[in-house]
Structures are given as structure tokens and as C-alpha cells.
Amino acid sequence: MSLVCLTDFQAHAREQLSKSTRDFIEGGADDSITRDDNIAAFKRIRLRPRYLRDVSEVDTRTTIQGEEISAPICIAPTGFHCLVWPDGEMSTARAAQAAGICYITSTFASCSLEDIVIAAPEGLRWFQLYVHPDLQLNKQLIQRVESLGFKALVITLDTPVCGNRRHDIRNQLRRNLTLTDLQSPKKSITRLPIILKGILTKEDAELAVKHNVQGIIVSNHGGRQLDEVLASIDALTEVVAAVKGKIEVYLDGGVRTGNDVLKALALGAKCIFLGRPILWGLACKGEHGVKEVLNILTNEFHTSMALTGCRSVAEINRNLVQFSRL
């Protein structure tokens, strides 16, 4: 079977995975309204192409936190990659390194941080942290991450409690969330850039700027936490306006096509992060599946840029999109 788009990978991955694992990946909170709206919201945005331009050369490269990436398409933090492929996060890290993009490793990675770094020593990697009530344990893990060459800390904000995920409850799914990686020697706190993940409002965005963080990921946790909140793309404009260009803003949630990437950048995102589609690629073909997912989306984005008259990422702007009345 030829897999030519991200939804092809989704369909094929469903055939490879057990029901409980499939539900764990695909499930949303409560009625999954936000999970589904993350995708639908992109389709309410229309493109305004410019054709009287020379697009014989199109460059998808950009930077995040001063580091160059091959395209504004990176990997969001998701846990337990070994559920879908034996090498888990090591395969994901190798694919990200080969693609020249950033991989945010989850606190709940099923491979050790050391093994992930050994698998992709030259890759650009950030680390996602769930803040532990014991501040000393946070310091220990942060220092370990810094020593392993991670370039930023991504602090997830939207999990004071776990969302009501009905599929996991029905499947009696219980994961061992013990943070064994926290059991390391006592060390000092980091100076890595801090990225806050899970902001959806102007008020929180303004607080983030006030506290001198270096970036925001507009995210609703893939619709897995609080249901019936705004789709990520619908919250993006408010957050971008609130930070007034002082810090970089990124987005995750609902990106499935190159057009989606273009729309997110037109509305002010510096880059997007992929969650579920990476797991689909991993479930289908391991490292090669992740590479294919990234390659498909990058090629689609390249086409979207060319067909809207954008020769570089810097030329993507708000004038390229309008919200549909449908």
C-alpha cells in the first residue's frame, strides 16, 4: 500500500496497533470536541495566493531559538514510543536528526535520555518537563538534560490534573508514570531557554512575557486535557498579538497538511510541532516511517509556498489567509 499523505499513515497505523494502544494515541478528553476541532479549524481558513512572482526557487529553512532547521515542521513531545515500535524514541530521534529538525523529548520517554542522545548525537533536541512538586528533583533532571546537550526546556502547563480520557478508562489503561530519570545526583538549576507549552489565552501569554520566558507553544494537549477549549489554530492569533514579537510563538495540534503549516505560519507561528502523525509513522515503519511523514509534510509545505508565491519562510504573512464564513 502506497502511503502518500498523513491520513494514509493514520489508517495504516490503526491496523498495526492493539485497540488499547490505538485508543491511547487517538483518544481525546470527554467528547473529543477539541481534538476534532483542532483539525476542522484549519479547514475554516482559506488561502489568498499570489501568482505574479518568481517561485523557481523556494527555501523552507527557518530558525527556532537561533538554531537553523530545514523546515518549520518539528516533533512535539509524546510519551511511550516503545508502545508502537521496539526502538521507540531512539528511532524518532534518528529520523529528526536526518530531517534536520527539532525533536522535543517527553518526560515520559520509554527510552533513557542517554540512549536517545547516543542514537542521534547531532540532532537538535529540546526536553519537555512536567514540573514535579519536589523542586530538588526538578533541578536534578534539568541539570542532567543540560549535560546531555538538550538546547531548551519545554514546560507543559496544562496538566494540573489528567484530563478525562474515556477510552483509557474503558480500557483500564494505567501507565507507570514513575519518573525514574529524576533519581540523579543533586545539581544546580539550568540556564537553558524556557518554552511554555499549553498557553491558549492573551492573559497567560502576557504573563509568560512578563516572566521572561523565551517561547510559547500554543497547544491544547491534542484535545486530551480540557475539552471544549479553542482549537490551537484559533487561539494562535490572540497569543501572537499578546506577545508583540518579544518572544517566539509555536503551535501544535491539528496539523495534517502542508497547507496547515502555511496557515499556522501566516498567523504568526514560528514553526509547528507534530504529535500523533509522528506516532503513526513510527507504528508503520519505525524510523523510516517518521522520515516519510516528515518528508511528505515538508514537500507539501514546499508546494504550498510555491503556489502562494512565497520564496522563503520570511515571505509568509497574514495577507495569505482569510477566515471562511462557512
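Residues numbered from 1 in each chain as written. Predicted model: local features only at pLDDT ≥ 70, side-chain atom pairs only at ≥ 80, totals over all residues. Heavy atoms only, no water.

### Observations concerning the environment of Ile-189
Applicable threshold: Helical segments are the DSSP runs of H or I of at least four residues, strand segments are the runs of E of at least two, and each set is numbered from the N terminus. For every residue, the accessible area (1.4 Å probe, protein chains only) is compared with the maximum for its type, and the residue is labelled buried under 20%, exposed over 50%, or partly exposed between those bounds. Pairs of residues are marked as contacts when any of their non-hydrogen atoms sit within 4.5 Å.
Among the structural elements, Ile-189 can be located in the loop between helix H7 (166–170) and strand S8 (194–199). Residue Ile-189 is classed as partly exposed on the basis of its relative accessible area of 49%. For Ile-189 and Ile-142, which are 47 residues apart along the polypeptide, the C-alpha to C-alpha distance reads 6.7 Å. Residues in contact with Ile-189, not counting those within four places in the same chain, are Lys-139, Ile-142 and Gln-143.

### With respect to the pairing of strand S9 (residues 215–218)
Under the convention used in this document: Criterion used throughout: strands pair if DSSP finds at least two bridges between them. For the handedness criterion, the strands are oriented away from the viewer, and a crossover whose path from the first strand over the helix to the second runs clockwise is classed as right-handed.
Judged by which residues are buried, S9 turns out to be covered on both faces: Gly-215 and Ile-217 on one side and Ile-216 and Val-218 on the other are all buried. With four bridges joining them, S8 and S9 adopt parallel strand pairing. From the neighbouring strand, Lys-197 faces S9, where its bridge partner is Ile-217. The β-α-β motif built from S8, the intervening helix H8 (residues 202–210) and the parallel element S9 has right-handed crossover chirality. Inspection of the sheet shows S9 paired to strand S10 (residues 248–252) by four bridges, in the parallel sense. Within the sheet, the bridge partner assigned to Ile-216 lies in S10 and is Val-249.

### Observations concerning the confidence of the model for the protein
Using the following cut-off: The pLDDT value tells you how sure the predictor is about a given residue, anywhere from 0 up to 100.
Averaged over the protein, the pLDDT score is 92; the fraction of residues at 70 or greater is 94%. In this model, residues 175–186 is a region of pLDDT below 50 whose contacts with residues beyond four sequence positions or in other chains number 21 contacts.

### Thoughts on the environment of Ile-104
Along the chain, Ile-104 turns up in strand S5 (residues 102–105). Relative accessible area serves as the criterion here: at 0%, Ile-104 is assigned to the buried category. As a C-alpha pair, Ile-104 and Thr-78 span 26 residues in sequence and 8.4 Å in three-dimensional space.

### Looking at the packing of helix H1 (residues 6–16) against helix H11 (residues 276–285)
Defined as follows: All axes here are fitted lines through C-alpha atoms, helices being fitted over the stretch that makes contact, and every angle between N-to-C directions spans 0 to 180 degrees. Any angle from 65 to 115 degrees is called roughly perpendicular, while one under 35 is roughly parallel, one over 145 is roughly antiparallel, and all others are oblique. Whether a crossing is left-handed or right-handed is set by the direction in which the near helix is turned from the far one by less than a right angle, anticlockwise for left-handed and clockwise for right-handed. In the scheme used here, Gly and all other residues not listed as nonpolar or charged are polar, with Ala, Val, Leu, Ile, Met, Phe, Trp, Tyr, Cys and Pro taken as nonpolar and Asp, Glu, Lys and Arg as charged.
One can describe the packing of H1 onto H11 by two numbers: an axis separation of 8 Å at closest approach and a directional angle of 55 degrees. Of the possible angle classes, the one that applies to H1 and H11 is oblique. The chirality of how H1 crosses H11 is left-handed. Of the residues in H11, those touching H1 at Leu-6, Phe-9, Gln-10, His-12, Ala-13 and Gln-16 are Pro-277, Trp-280, Gly-281, Ala-283 and Cys-284. For the contact of H1 with H11, the class distribution of residues is seven nonpolar, four polar and no charged.

### Section: helix H12 (residues 287–307)
Residues lying three or four places apart along an α-helix face the same way, a consequence of the helix completing one turn every 3.6 residues. How we decide: Expected span of a helix, by definition, is 1.5 Å for each gap between consecutive residues, and there is one gap fewer than residues.
Between its first and last C-alpha atoms H12 spans 30 Å; for 21 residues at 1.5 Å apiece the expected length is 30 Å, and the two agree. Structurally, H12 contributes buried residues whose contacts are with H1, strand S4 (73–75), helix H4 (89–99), helix H10 (258–266), strand S11 (272–274) and H11. Once H12 finishes, Gly-309 follows within two positions and takes phi at roughly 85 degrees, a positive value.

### Section: the side chain of Arg-144
Its place among the elements puts Arg-144 in helix H6 (residues 135–147). Using a relative accessible area of 15% as the deciding quantity, one classes Arg-144 as buried.

### Structural notes on unusual backbone geometry
The phi angle at His-221 is positive, at roughly 65 degrees, despite the residue not being glycine. Along the chain, His-221 turns up in the loop between S9 and helix H9 (232–243). Here His-221 falls in the buried class, since its relative accessible area comes to 13%.

### Description of the pattern of salt bridges
Where charged atoms of side chains with opposite charge meet at close range, the side chains can pair. Note the threshold: For this analysis, a salt bridge means a side-chain nitrogen from Lys or Arg found within 4 Å of a carboxyl oxygen belonging to Asp or Glu.
Going through the model one piece at a time under the given rule, you end up with 14 salt bridges. In this structure, Asp-36 and Arg-35 form a salt bridge, with 2.9 Å as the shortest nitrogen-oxygen distance. A residue is classified by how much of its surface remains accessible, and Asp-36, at 41% relative accessible area, is partly exposed. Given the relative accessible area of 22%, Arg-35 is considered partly exposed. The partner of Asp-252 in a salt bridge is Lys-197, with the nearest N and O atoms 3.8 Å apart. On the criterion of sequence distance, the pair formed by Asp-252 in strand S10 and Lys-197 in strand S8 is long-range, its members being 55 residues apart. Asp-252 sits in the buried class, given a relative accessible area of 7%. Taking relative accessible area as the criterion, Lys-197 reaches 5% and is therefore assigned buried.

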